[in-house]
Amino acid sequence: MTRGWTLYDPRLAWILVAPVLLLLIFFLLLPIAVMAVYTFFTFVTAGVETSALTLANWHEFLTDAYYHGFLIKTLRVGAVTALICGVLGYFPAYFIWATTFKHKWLLLLLLIVPFWISFTIRTFSWIHILGEQGLINVTLLKLGLIDQPMQMLYTEGAVIMGLLHFLLPYMILNVYVSLEGIDRTLIAAARSMGCTSAQAFREVTLPLSLPGLAAGLLLCFVLAAGSYVTPQLLGSGRDALFGNLIYDTIMGQLNWPMGATLSIVLFVVLGCFAALYTRYMGMSQIVKGLGG
Amino acid sequence: MMKLSTTKRLERLHDRYTNGDLSRRTFLTLTAAAAASAGLSTPWMGRALAAAKEVRFDGWGGVVQEAIDKYAFQPYTAKTGVGVVQGTFGDENEIITKIKTSKPGDFQIVHSSGVNYYIKYVNAGVNSEINEANIPNLANVLQPMIEPFRKLTPKLSAVPYDYGTTGLAYNTTVISPEEAKEKGAALLSDKKYAGKIGGYADMTTRVWYAALDTGQDPNNIKDMEAIWAKVRETRDLAKKFWSSGAELMDLLSKGEIVVTDGWSGRIAALQQQGHPIGYLDPTGSYAWMEDMLILKGSPMAECEELINFMLETDTSIAVAEGQNYPPSLDPTKVELTDKIKALPAFDPTGAMKSLTFADPVYWADNEDAWTKQWDRISKGA
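Cut-off values and rules
- Residues numbered from 1 in each chain as written.
- Chains lettered and ligands numbered in written order.
- Predicted model: local features only at pLDDT ≥ 70, side-chain atom pairs only at ≥ 80, totals over all residues.
- Helix = DSSP H or I, 4+ residues; strand = E, 2+ residues; numbered from the N terminus.
- Rg over C-alpha atoms; globule rule 2.2 N^0.38 Å.
- Contact = placed C-beta atoms within 7 Å.
- Buried ≥ 20, exposed ≤ 12 C-beta atoms within 10 Å, placed from the backbone.
- Nonpolar A, V, L, I, M, F, W, Y, C, P; charged D, E, K, R; others polar.
- Axes fitted to C-alpha atoms, helices over the stretch in contact; angles between N-to-C directions.
- Parallel < 35°, antiparallel > 145°, perpendicular 65-115°, else oblique.
- Left-handed = near helix turned anticlockwise from the far one by under 90°.
- pLDDT = per-residue confidence, 0-100.
- Pairing = 2+ DSSP bridges.
- Core = buried A, V, L, I, M, F, W, Y, C linked by C-beta atoms within 7 Å.
- Domains from an automatic or database assignment.

(A) Seen up close, the overall build of chain A. When helices and strands are counted, chain A shows 13 helices and two strands. The globule rule puts the C-alpha radius of gyration for 292 residues at 19 Å, and the 24 Å found for chain A is more than 25% above it. Projected onto its principal axes, the C-alpha positions of chain A cover 80 × 75 × 35 Å. In chain A, the proportion of contacts linking residues at least 24 apart, taken out of those at least 6 apart, comes to 71%.

(B) The overall build of chain B, seen in detail. Scanning chain B from terminus to terminus reveals 15 helices and ten strands. Considering chain B as a whole, with its 381 residues, one finds that 44% of them fall into the buried category. Of all intrachain contacts in chain B linking residues separated by at least 6 positions in sequence, the fraction that spans at least 24 positions is 75%.

(C) Quick peek at the interface of chain A and chain B. With 17 residues of chain A at the interface, the matching set in chain B holds 21 residues. Examining the composition of the side of chain A that touches chain B, we find that four residues originate from one element, helix H11 (residues 242-252) of chain A, more than from any other. Along the lines of polarity and charge, the residues of the side of chain A that touches chain B split into eight nonpolar, six polar and three charged.

(D) Fine view of the environment of Leu7(A). All names here are of chain A. Residue placement: Leu 7 occurs in the segment before helix H1 (10-38). For Leu 7, a count of 6 C-beta atoms within 10 Å gives the class exposed. Taking C-alpha positions, Leu 7 is 44 Å from Phe 91, a pair spaced 84 residues apart along the chain.

(E) Representation of unusual backbone geometry within the structure. All names here are of chain A. At Tyr 154, a position not held by glycine, the phi torsion is positive, near 60°. Examined against the element boundaries, Tyr 154 turns out to sit in the loop between helix H6 (135-142) and helix H7 (156-180). For Tyr 154, a count of 20 C-beta atoms within 10 Å translates into the label buried. Backbone geometry places Leu 254, a non-glycine residue, at a positive phi of 55°. Here Leu 254 shows up in the loop between H11 and helix H12 (256-281).

(F) Seen up close, the packing of helix H3 (residues 62-80) of chain B against helix H13 (residues 313-323) of chain B. Residue and element names in this part refer to chain B. At a closest axis distance of 8 Å, the pairing of H3 and H13 adopts a crossing angle of 160°. For the element pair H3 / H13, the angle class is roughly antiparallel. In this structure, H3 crosses over H13, and the sense of that crossing is right-handed. From H3, Val 63, Val 64, Ala 67, Ile 68, Lys 70, Tyr 71, Ala 72 and Pro 75 reach across to H13, where they touch Thr 315, Ala 318, Val 319, Gly 322 and Gln 323. When grouped by side-chain class, the residues that make up the contact of H3 with H13 number nine nonpolar, three polar and one charged.

(G) Structural view of the confidence of the model for chain A. In the predicted model, chain A carries a mean pLDDT of 91, and the fraction of residues at 70 or more is 95%. Taken element by element, chain A is modelled with least confidence in helix H13 (residues 283-291) of chain A, mean pLDDT 55, and with most confidence in helix H2 (residues 56-63) of chain A, mean pLDDT 97.

(H) Focus on the pairing of strand E1 (residues 42-45) of chain A. As paired strands, E1(A) and strand E2 (residues 48-50) of chain A are joined by three bridges and run antiparallel to one another. If you follow Phe43(A) over to E2(A), its bridge partner there is Glu49(A).

(I) Inspection of the nonpolar core at higher detail. Counting 102 residues, the largest nonpolar core has Val259(B) and Leu293(B) as the members making the most contacts within it. Counting residues domain by domain, this core receives three or more from each of domain 2 (54-163 + 289-350) and domain 3 (164-287 + 362-378) of chain B. Judged by nonpolar contacts, the second largest core, of 48 residues, contains Phe43(A), Leu163(A), Val175(A) and Leu262(A).

(J) Examining the pairing of strand E6 (residues 238-242) of chain B more closely. Residues and elements named next belong to chain B. Among the five residues of E6, four are classified as buried, and the element is accordingly described as predominantly covered. Across four bridges, the pairing between strand E5 (residues 197-200) and E6 is parallel. Within E6, the position partnered with Gly 199 by the bridge is Phe 241.

Dropping the structure here:
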């Protein structure tokens, strides 16, 4: 059966990747292609479109500042969220890596625990914390620190808070995996050559952990910019992101061609960001950060 | 050529294997292929077989669907053995999207929001044709409710089931009935209640109340700019635009908002629970009807039988009392209970002249553009 085959035979490699390749073609590339074709269809009325080809949807997107504003806002919220995740996530990752605590696995388990609860329920929980009758307002009112409940829910801040809650574990795990890959003797060598702890961190640990941080930033940015549920639950209409625009166009206006156009726009923009990022950061570095 | 069943085919394979006609590998390969074939065909076969035993219903959930389930579906299943599989939606466009992306027959009966939405199903070509002879109780349904549907499709796809109004609901500890009556729709743009105002996150309701507030006829709006300006004004004063009956009840009962437009049945439920909530239908208040719509590809006989059962006088009254919306039964033909007669929006004449419904053609003509504009305004534009 395997006569004539070598261990690294390209034919064997193709056979092994074929199932995944087929899955990607049928469940990723083909649907994207269908969406791309839909962008040229003609919207007739709510829920009705024809296959008469038109550039009207692209023309509308390219000439309407409303869409551009939301796209820029989405990228801004994604970038802010990713940066805060980077700042907040690095230190816990460093602590987990550096600790001599015998049961380190417990700390890692704590990171994964939130994933045991539904994402929607975790997002909803913020309503009971940030709402007018939520934990923070009730406590502050009872302590007499405020007279009126503060408006925290249904704001952009609440949306970013919800996104941080969702994305922080991804950042911490990415950075931790990168830190774990560092040869600790390098730090010992730096110290033996006269570096202080801070200098050893700045000159050795931080640069070597950057691929993980970079991978975490990219992951958090893409996931935040593509989010829909968090702004829907924790934000007001004004705090909607591009994903909400797509949802409303498809589900509210029942305008599939325009909804497909907006979807392809978000896909291409985020794809370009990821491509540029990996171009300058180096794909191997990112993959190293993601995979350890 | 005789068609073999899967069981027969497997038995023959087994015989050949035990007789030594087949190698073990060939036997296992063929068995796996037969099993896969049976597995693949099962979902389709199951659905086909289940069709006569189950009807799919999709509605608004909450107290409304609970009432329908308790007083109509459960007795229907007990009587006929036909189960009713239920789903819910928060926005009817959501279910229309699902219907568009599914096979005919996956969705069967929808508790739809009257003629405005009926047009959408008709335009999308997903509506069925009802055999009215199978629904004899249709004779008791208010003719003024049936006529708008028949104008759109001479052969009905839906049967009107209930009606109500979207009036003004207010917290009586903050706003007196006199103040509510005096200000009417202007309450929704009253700066005195900034940050405590609510509203349904729906284009029709927002435009309707903006029309009332600007002194225009909602079925013949002359100054659309004034309407959008008023919608923006309410948006800026509102705490939140709600998107489900449960959210409406939650916001009002917890005092998060003190005034909003609201669905008459949900407000009646709050009042029955003892909350200090008043309800007012201002002049020209938005009246609407709901219908049971049968979709293309449904098991028509079972669906028609279920709807006929739902229109039985006792069933219809029990559902109406449970969901707090008057039934579509003609009060001049059927004796209704005192509780129903006391419900907001109830029309004792059966002529429906006192209620202002949306002109389906006028609203359908403007729906796409207005929905798009409303979407933008709701996002701060």
